[in-house]
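# Structure at a glance
Listed here are the chains, written in short residue letters.
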Amino acid sequence: MTGIWGIVNVTPDSFSDGGRYLDVDSAVARGLKLRADGATVLDIGGESTRPGAKRVDAATEQSRVIPVIEQLAATGVALSIDTINASTASAAVRAGARIVNDVSGGLADPEMRAAVAESGADYAIGHWRGFSDDMYARADYHRIAREVAGELQERLGEAAAAGIAPSRVILDPGIGFAKAGAQNWDLLRGLDDIVALGPRVLIGTSRKRFLAETLGQADADVTEQRRDLATAVTSALALRAGVWAVRVHDVAATRDALAIAHAWEGR
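The structure contained in this document is the topic of the report that follows. This one's a predicted model, so the numbers in the text were calculated from it and none came from an experiment.

### Comments concerning helix α9 (residues 224-240)
For α9, with 17 residues, the first-to-last C-alpha span of 25 Å sits near the 24 Å given by 1.5 Å per residue. All of the buried residues in α9 are Arg227, Asp228, Ala230, Thr231, Ala232, Thr234, Ser235, Ala236, Ala238 and Leu239. If you follow the buried residues of α9, they end up packed against α6 (182-189), α8 (209-214), β8 (245-248) and α10 (251-264).

### Examining the pairing of strand β5 (residues 122-126)
With 5 of 5 residues buried, β5 lies mostly within the body of the structure. On β5, burial covers both faces: Asp122, Ala124 and Gly126 on one face and Tyr123 and Ile125 on the other are all buried. In the sheet, strand β4 (residues 99-102) pairs with β5 via 4 bridges, with the strands oriented parallel. Bridge pairing links Asp102 to Ile125 in β5. Following the backbone out of β4, through helix α4 (residues 112-119) and into the adjacent parallel β5, one traces a crossover that is right-handed.

### Focus: the environment of Leu188
Considering the arrangement of structural elements, one finds Leu188 in helix α6. Residue Leu188 is classed as buried on the basis of its relative accessible area of 16%. A sequence separation of 53 residues divides Leu188 from Ala241, and the C-alpha atoms of the two residues are 8.8 Å apart. Those residues in contact with Leu188 that sit more than four places away from it in its chain are Ile175, Ile203, Thr205 and Phe210.

### Overview of the packing of helix α5 (residues 144-161) against α6
With their axes 8 Å apart at the nearest point, α5 and α6 run at an angle of 75° to one another. Taken together, the axes of α5 and α6 are roughly perpendicular relative to one another. Packed against α5, whose contacting residues are Ile144, Ala145 and Val148, the element α6 presents Gln183, Asp186 and Leu187 at the interface.

### A few points about the side chain of Asp172
Tracing the chain through its elements places Asp172 in strand β6 (residues 169-172). Buried within the structure, Asp172 lacks any salt-bridge partner; Arg247 is the closest side chain of opposite charge, at an N-O distance of 6.4 Å. In contact with Asp172, other than residues within four places in its own chain, are Ile125, Gly126, His127, Leu152, Leu202 and Gly204.

Reading the values: rules and limits
- Per-chain numbering applies: the sequence of each chain, read as written, is numbered from 1 onward.
- For a predicted model such as this one, the threshold for reporting local features is a pLDDT of at least 70, and the threshold for listing and counting side-chain atom pairs is 80 or more; totals across whole chains, interfaces and linings nevertheless cover every residue.
- Computation of side-chain values covers all heavy atoms of the structure but excludes hydrogens and water.
- Here a strand is any run of E in DSSP of at least two residues, a helix any run of H or I of at least four, and the numbering for each starts at the N terminus.
- Under the convention used throughout, the expected extent of a helix is 1.5 Å for every residue step, that is, one less than its residue count.
- Summary of the burial criterion: residues with accessible area below 20% of their type's maximum are buried, those above 50% are exposed, and those between are partly exposed, where the area comes from a 1.4 Å probe applied to protein chains only.
- Residues are treated as being in contact if the distance between any of their heavy atoms lies within 4.5 Å.
- A strand pair is defined by DSSP finding two or more bridges across the two strands.
- The handedness of a crossover follows from its direction of travel: if, with the strands pointing away from the viewer, the path from the first strand over the helix to the second runs clockwise, the crossover is right-handed.
- Angles run from 0 to 180 degrees between N-to-C directions of axes, and those axes are lines fitted to C-alpha atoms, restricted for helices to the stretch in contact.
- We call two directions roughly parallel when the angle between them is under 35 degrees, roughly antiparallel when it is over 145, roughly perpendicular when it lies between 65 and 115, and oblique otherwise.
- Charge convention: Lys and Arg are scored as positive, Asp and Glu as negative, and His as well as the terminal groups of each chain are ignored.
- The rule for a salt bridge is simple: a side-chain nitrogen of Lys or Arg has to be within 4 Å of a carboxyl oxygen of Asp or Glu.

Below, the structure written as structure tokens:
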């Protein structure tokens, strides 16, 4: 069965739900709701990676996420920490996280790979070409799926050199990160190139701008409900491409879409 990662943004400025779950109690309640809806992993983040987002210091990030992780870990749910900071990754694993989800693939913080190797956590490596404030300036590709696969192969080798076995690695092609508009669709159509690298593959399309663009309306005019429906469709299609897990805001919608897709395929 395809796994579902439920997103818990403990931030004031995430592009979709920033500020809704900023305090510990609301973030924990959100996580428990997503788990009840069918999430297999809860991905806890304390720094927005939306386009143009401003960086926050690691101490602020940790003050947001560590109390949430501690409370959710006590319930037995599997947790991931969404961070590009090595110190936050280490603190989160000590608090109970089992996965480090680094959208930068180790490029943002030179200490990250060593921290993950020492922690024993699994490592989700994202495809990344720079920080949020200028990532679209780097969205230059000729054959995007092959180029992204090649860069992820490099990150995989760097992780192995740091002592992180391929069996601990999850690869994320970074939909929306240094990829604009139709480039995301080109990458999704080429998921075979990513899956062929060997490690588990995670996809995150949830509520992203390219979905709204595809629906033919201004980004601000497409409701969350419509974005979640579009996300559920991409999740079902990702299943057919051999993706291991999808990362979403609306777990229930994706759970239902995946159940239908599994039934279609006779699983």
